[in-house]
Amino acid sequence: MSDPYAAAPEDRFSFGLWTVGHRGGDPFGLPTRPPVEPETIVERLAEVGAWGVSLHDDDLVPFGSSPAERDRIVARFGEAVRGAGLCVPMTTVDLFRQPVFKDGALTAADPAVRRFALRKAVAAIDIGAELGAGIFVLWGGREGVESGAARDPRVALERYREGVDFLCEYVRSQGLATRIALEAKPNEPRAHIYLPTTGHMLHFIETLAHPEMLGVNPEMAHESMAGLSFSQSVGQALWAGKLFHVDLNSQNGPRFDQDFRFGAEDLKEAFLTVRLLERSGYDGPRHFDARAYRSEDDIDVYAAFARGCIRNYKILAAKAAAFDTNEAIQAACDKAGAAQLSEPTPGFSPEVLEAIRDEDFTALLANTEGRHHEAADQLMIEHILGI
Ligand code: GLT
Ligand code: MN
Ligand code: MN
């Protein structure tokens, strides 16, 4: 019998080179896994049923490579991706690893650092264009502060705006169709990162010269680090028409960024997120920005970790579909107001206001009936648990 939870290309599951390629090093310990060539990673991803592979510029082309080396490496990788039947849906730029970015990149105080960051980002956009990536993710990991004594956040945000506008103008000047997805994170590696949540990013986008070119790439771990519900953040991005990409993983509450296997923590949020994505018609990549525990070897990185991310998504998608077609559950949700919320609030007119002023709310104010969320939530929990 075929596995109902095996990945199909139309599922659009993707992994970053830096995720399955992560060697298990952390601030306290050395790597526990050997380095693996990008071309080998691509083959292994194809075996687990991935559709796409994403990358930072430096994951593929070592920092400081010559133009000739860069061309050779990108061409060889493109061939490997095509040969494995995969695609590169997204590329991103590493503006955080090199010492030059120690005080930020697009928001660095030193204008020369900002110009260098732009040069690096433009080169990363070029790699994406060459590999056919339609999305460019921008995560400003070093755009922030430890101390605000010598930084006015308003001024830093102006520089951020100019930097992103520069990149948009570059994309336009090249006639590319690349869309830029901004990724938020509240802290780590900086104590405070500018634009710390997806909601902050959504506002920032509206201040830019070409807001239509920009969307967001919310990450489950990052929103959870801020104590937020990921499904609420994804919901706002979808509502705004700005969900360009999504980083799926898991996180155990507000602490350092764990990037655990999707579904490993907070199953309820994972379920609500998958249900939302599946119901919304979102057709972008379902990207796992996660990494295996440091204790694992390279075999289980694929057999247990990568397959686990995919299986958990597909299992939750099947659960979500069953949830939405189960009459008893739907009746309980409607009793808790699910359908009622779809009734629009009337628009303003003097007549409508007059009618509202005259309306008799006596019964409403005397109504002590509960809203039945406990019952709906309990049914959802039992449904997830398979009861
Ligand atoms: C880094 C970060 C991720 C981002 C990557 C894109 S880099 O691994 O923790 O959340 O998505 O730059
Ligand atoms: Mn993360
Ligand atoms: Mn991410």
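Residues numbered from 1 in each chain as written. Chains lettered and ligands numbered in written order. Predicted model: local features only at pLDDT ≥ 70, side-chain atom pairs only at ≥ 80, totals over all residues. Heavy atoms only, no water.

Chemist: Explain the overall build of the protein chain to me, and be specific about the residues and the numbers.
Modeler: Within the protein chain, the regular secondary structure consists of 15 helices and ten strands. The globule rule puts the C-alpha radius of gyration for 387 residues at 21 Å, and the 23 Å found for the protein chain is close to it. Looking at the protein chain residue by residue over its 387 residues, the buried ones come to 46%. Within the protein chain, counting contacts between residues at least 6 apart in sequence, those at least 24 apart form 79% of the total. A total of about 19,100 Å² of accessible surface is found on the protein chain, and carbon and sulfur atoms cover 55% of it. On the protein chain, the mean spot of the 39 positive side-chain charges and the mean spot of the 58 negative ones are 5 Å from each other. (Helix = DSSP H or I, 4+ residues; strand = E, 2+ residues; numbered from the N terminus. Rg over C-alpha atoms; globule rule 2.2 N^0.38 Å. Buried < 20%, exposed > 50% of the residue type's maximum accessible area, 1.4 Å probe, protein only. Contact = heavy atoms within 4.5 Å. Areas by Shrake-Rupley, 256 points an atom, 1.4 Å probe, with all protein chains shown as cover. Lys, Arg positive; Asp, Glu negative; His and termini not counted. Charge placed at Lys NZ, Arg CZ, Asp CG, Glu CD.)

Chemist: Which residues make up unusual backbone geometry, and what are the values?
Modeler: Cis rather than trans, the peptide bond between Glu 188 and Pro 189 has omega equal to 15°. Following the sequence through the fold, Pro 189 ends up in the loop between β6 (179-183) and β7 (192-193). Although it is not a glycine, Arg 12 sits at a positive phi angle of roughly 55°. Topologically, Arg 12 is positioned in the segment before β1 (13-16). A residue is classified by how much of its surface remains accessible, and Arg 12, at 32% relative accessible area, is partly exposed. With a phi angle near 45°, Asp 266 is a residue other than glycine that sits in the positive phi range. Within the secondary structure layout, Asp 266 lies in the loop between β9 (246-248) and α10 (267-280). Taking the relative accessible area as the measure of exposure, Asp 266 reaches 43% and is therefore partly exposed.

Chemist: Which residues make up the coordination of the manganese ion (ligand 2), and what values do they have?
Modeler: Here the manganese ion (ligand 2) is held by Glu 219 (OE), His 222 (NE2), Asp 257 (OD), Asp 257 (OD) and Asp 259 (OD), and the distances to it run 2.0 to 2.7 Å. Positions of the donor residues of the manganese ion (ligand 2) along the chain correspond to the pattern E-x2-H-x34-D-x1-D. (Donors = N, O, S within 2.8 Å, 3.2 Å for Na, K, Ca; no water.)

Chemist: I'd like a rundown of the site of ligand 1, residues and numbers included.
Modeler: The environment of ligand 1 is made up of Trp 18, His 56, Thr 92, Phe 96, Trp 139, Glu 183, Glu 219, His 222, Asp 247, Asp 257 and Asp 289. Contacts to ligand 1 include His 56, whose side-chain N or O atom sits 2.9 Å from an oxygen atom. Glu 219 places a polar side-chain atom, nitrogen or oxygen, 2.7 Å from an oxygen atom of ligand 1. Expressed as a share of its isolated accessible area of 310 Å², the protein-covered part of ligand 1 is 93%. (Near = heavy atom within 4 Å. Polar contact = N/O pair within 3.5 Å; in protein donor to acceptor, adjacent residues only side chain to side chain.)

Scope: geometric values only; no functional claims are made or implied.
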